[in-house]
Amino acid sequence: MTKKSTVKFHWFLPTASDGRSLTVGTHGTHGPAGGDNAPEGGADRFRAPSIAYLTQIARAAEHQGFDGILTPTGTWCEDAWLVTAALAQETERLKFLVAFRPGFISPTLAAQMAATLQRISRGRLLLNVVTGGERDEQARFGDHLSKEQRYARTAEFLTVLRGSWSGDPFDYSGEYYDVRGATVAAPPDPVPEVYFGGSSEAAGPVAARHVDTYLTWGEPPAQVAEKISRMRKLAAGEGRTLRFGIRFHVVTRDTAAEAWAAAERLLDRLDPAHVTQVQSILAASESTGQARMRALHEDFRSGWRRNDLEIYPNLWAGVGLLRGGAGTALVGSHAEVADRIAEYRDLGIEEFILSGFPHLEEAYWVGEGVLPLLRHRGLAAPLSAAV
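Here the structure is a predicted model, which is why all the values come from computation and not from measurement.

Enquirer: Looking at this structure, I do not really get the overall build of the protein chain. What am I missing?
Expert: In terms of regular secondary structure, the protein chain is built from 13 helices and 13 strands. Over its C-alpha atoms the protein chain spans a radius of gyration of 20 Å, differing by no more than 12% from the 21 Å that the globule rule assigns to 387 residues. Considered along the principal axes of its C-alpha atoms, the protein chain spans approximately 60 × 45 × 45 Å. A total of about 15700 Å² of accessible surface is found on the protein chain, and carbon and sulfur atoms cover 51% of it.

Enquirer: Whenever I open this one, helix 9 (residues 272-283) confuses me. Can you help?
Expert: In an α-helix there are 3.6 residues to a turn, and that puts residues three or four apart on one side. Taking 1.5 Å of rise per residue, twelve residues should cover 16 Å, and helix 9 covers 16 Å from first to last C-alpha, within 8% of that figure. Of the positions making up helix 9, those classed as buried are Val275, Val278, Gln279 and Leu282. Seen along its axis, helix 9 keeps its buried residues to an arc of 100 degrees; they face one direction. Residues of helix 9 that are buried in the fold lie against helix 10 (288-296) and helix 11 (298-303). A side-chain oxygen of the first residue of helix 9 lies 3.0 Å from the backbone nitrogen of alanine 273; this N-cap is aspartate 271.

Enquirer: Where do I start with the pattern of salt bridges in this structure?
Expert: A side chain of one charge can pair with a side chain of the opposite charge if their charged atoms are brought near each other. Taken as a whole, this structure holds 19 salt bridges when the rule is applied. Here glutamate 201 and arginine 230 are joined by a salt bridge, their closest N and O atoms 3.5 Å apart. Linking glutamate 201 in the loop between strand 7 (194-197) and helix 6 (203-210) with arginine 230 in helix 7 (residues 221-237), this pair joins segments that are 29 residues apart in sequence. Glutamate 219 is the salt-bridge partner of arginine 292, the closest N and O atoms lying 2.7 Å from each other. Placement of the pair is arginine 292 in helix 10 and glutamate 219 in the loop between strand 8 (213-217) and helix 7, with a sequence separation of 73 residues. A residue is classified by how much of its surface remains accessible, and arginine 292, at 25% relative accessible area, is partly exposed.

Enquirer: I'm lost on the environment of glycine 123 in this one. Help?
Expert: One can find glycine 123 in the loop between helix 3 (107-120) and strand 4 (125-129). Since its relative accessible area comes to 17%, glycine 123 is described here as buried. What glycine 123 contacts, discounting residues up to four positions off in sequence, is Gln118, Asp189 and Pro190.

Enquirer: Sorry, what's going on with the packing of aromatic side chains here?
Expert: Each aromatic ring pair is summarised here by two numbers: the centre-to-centre distance and the angle between the ring planes. Here the structure, examined in full by the defined rule, presents eleven aromatic pairs. Both rings, one in phenylalanine 157 and one in tyrosine 177, keep their centres 6.2 Å apart while their planes meet at 65 degrees; by these two values the pair is edge-to-face. Taken together, the positions of phenylalanine 157 in helix 5 (residues 147-164) and tyrosine 177 in the loop between strand 5 (170-173) and strand 6 (178-182) put the pair 20 residues apart, joining distant regions of the chain. For the pair shown, phenylalanine 157 and tyrosine 177 are each scored as buried. Each member of the aromatic cluster is reached from another via a ring pair, and the members are Trp81, Phe100, Phe157 and Tyr177.

Enquirer: Would you explain the nonpolar core in this entry?
Expert: The nonpolar side chains of soluble globular proteins are, as a tendency, buried together. One finds Phe9, Trp11, Phe196, Phe352 and Leu374 to be the most contacted residues of the largest nonpolar core, which totals 77 residues. Ignoring sequence-local partners within four residues, the contact set of phenylalanine 352 consists of Val7, Lys8, Phe9, His10, Ile246, Phe248, Ile341, Tyr344 and Arg345. Counting 19 residues, the second-largest nonpolar core is a separate cluster that includes Leu266, Leu309, Trp316 and Phe357.

Enquirer: In this structure, what is going on with the packing of helix 12 (residues 334-347) against helix 13 (residues 359-376)? I would like to understand it.
Expert: Geometry of a packed helix pair, given as the angle between the helix axes and the separation of the axes. Two numbers describe how helix 12 lies on helix 13: the axes approach to 9 Å, and their chain directions differ by 55 degrees. Looking at the two axes, helix 12 sits oblique to helix 13. Where helix 12 crosses over helix 13, the two elements pack in a sense that is right-handed. Contacts from His334, Ala335, Val337, Ala338 and Ile341 of helix 12 reach helix 13 at Trp365, Gly369, Val370, Leu373 and Leu374. A class-by-class count of the residues in the contact of helix 12 with helix 13 yields eight nonpolar, two polar and no charged.

Enquirer: In this structure, what is going on with helix 5? I would like to understand it.
Expert: In this model, helix 5 (18 residues) spans 26 Å end to end at C-alpha, consistent with the 26 Å of a helix rising 1.5 Å per residue. Of all 18 residues in helix 5, 13 are buried; the element is thus mostly enclosed.

Enquirer: Quick question: what am I supposed to make of unusual backbone geometry here?
Expert: Glycine aside, residues mostly have negative phi, and peptide bonds are mostly found in the trans state. For the bond running from aspartate 189 to proline 190, omega is 0 degrees, close enough to zero to count as cis. Looking at the element boundaries, proline 190 is found in the loop between strand 6 and strand 7. With an omega of -5 degrees, the peptide bond between phenylalanine 357 and proline 358 qualifies as cis. Note that proline 358 resides in the loop between strand 13 (351-355) and helix 13. Here the phi dihedral of serine 17 falls at roughly 120 degrees; this positive angle occurs in a residue that is not glycine.

Enquirer: Hey, could you run me through the environment of glutamine 290 in this one?
Expert: Considering the arrangement of structural elements, one finds glutamine 290 in helix 10. Glutamine 290 sits in the buried class, given a relative accessible area of 2%. In sequence terms glutamine 290 and tryptophan 217 are 73 residues apart; their C-alpha atoms lie 9.0 Å from each other. The residues touching glutamine 290, leaving out its near neighbours within four places in the chain, are Trp217, Leu282, Ser285, Gly324 and Gly325.

Enquirer: It is not clear to me how the side chain of glutamine 64 should be interpreted in this structure. Could you clarify?
Expert: Position of glutamine 64 among the secondary structure elements: in the loop between helix 1 (51-63) and strand 2 (68-71). Polar contacts involving the side chain of glutamine 64 include one to the main-chain amide nitrogen of glutamate 368, which spans 3.4 Å.

Rules of the game
- Residues numbered from 1 in each chain as written.
- Predicted model: local features only at pLDDT ≥ 70, side-chain atom pairs only at ≥ 80, totals over all residues.
- Heavy atoms only, no water.
- Helix = DSSP H or I, 4+ residues; strand = E, 2+ residues; numbered from the N terminus.
- Rg over C-alpha atoms; globule rule 2.2 N^0.38 Å.
- Areas by Shrake-Rupley, 256 points an atom, 1.4 Å probe, with all protein chains shown as cover.
- Expected span 1.5 Å × (residues − 1).
- Buried < 20%, exposed > 50% of the residue type's maximum accessible area, 1.4 Å probe, protein only.
- Arc of directions from axis to C-beta.
- Contact = heavy atoms within 4.5 Å.
- Polar contact = N/O pair within 3.5 Å; in protein donor to acceptor, adjacent residues only side chain to side chain.
- Salt bridge = Lys/Arg side-chain N within 4 Å of Asp/Glu carboxyl O.
- Phe/Tyr/Trp six-rings, centres within 6.5 Å; stacked < 30°, edge-to-face > 60°.
- Core = buried A, V, L, I, M, F, W, Y, C linked by side-chain atoms within 4.5 Å.
- Axes fitted to C-alpha atoms, helices over the stretch in contact; angles between N-to-C directions.
- Parallel < 35°, antiparallel > 145°, perpendicular 65-115°, else oblique.
- Left-handed = near helix turned anticlockwise from the far one by under 90°.
- Nonpolar A, V, L, I, M, F, W, Y, C, P; charged D, E, K, R; others polar.

Below, the structure written as structure tokens:
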């Protein structure tokens, strides 16, 4: 039997704020939810995304043996490039998956910034290209292209980005970019791996041709398996192979009862009117992935039965009631969460981007409870002696 490679685990930087409730700290589509904007009873749980606090989270992730950490992008986030540049100086081996929107920056400039950050971080930069699925957010930055046009532009962007790193002046003329002699002072070493997600028909060919790791939000295994199969076929048609990653929140404790109680507390003071307001905004999203997330808690919204939020063993759709983006969490004892991760690994998922509420404390729950079990099973790399 062929031995499977170990899985990579990334944590998450809450650069829009953090808290103990789903009503504070979001980088989703419906605006900031912390501080003065928090629903009644939530402001006391708000944590600002100061560099001091984000440093604590990054160091905790590094100490617990996570491979990397995602720095998100969005209107309500601190800038991912600047935050990463700061935190790279506060950590030693943790990699940084920097999310950014290709339509908001020149591909040659992005190549230059990435090459510089790769040197500053001593080779620890990864890139998460976010095409964007929200018309209102794109418009804030002066981008008024259609969804299909945005994906076409992303394909051109990645062509120029990689060409700029080639070591030779790169010329390109397309519908969205026309560059002459695009290059950087010195190619990044190593060349940053490119991560990308998108569930629409327009997204698939872009991933198949241009990216290293295809990302999906956490859906039930059957849906993930179907998506992986589709993407493998598209990549094979391009003569390429892809890695696959998945994005989950996590609520894990020593016992399943404790974990589910903690998950329920995330919905403390759940206001149906607030849920309805958030869902009306999310329903207008152009994102196919967002529509798939909303469908996962449709049964709950029709009857408001808490049991309907567990859509698969240990897979909870409660996060998506109040947040855009990734809307599911793995909930259970450490062994149960490890079992679900192993199940997704068997489908072909090789990277997990995880998060929790709050991110500092939950990094320790996962790092001390789940990762050791996965190391024992040979699914996670041994804890570095340097940590």
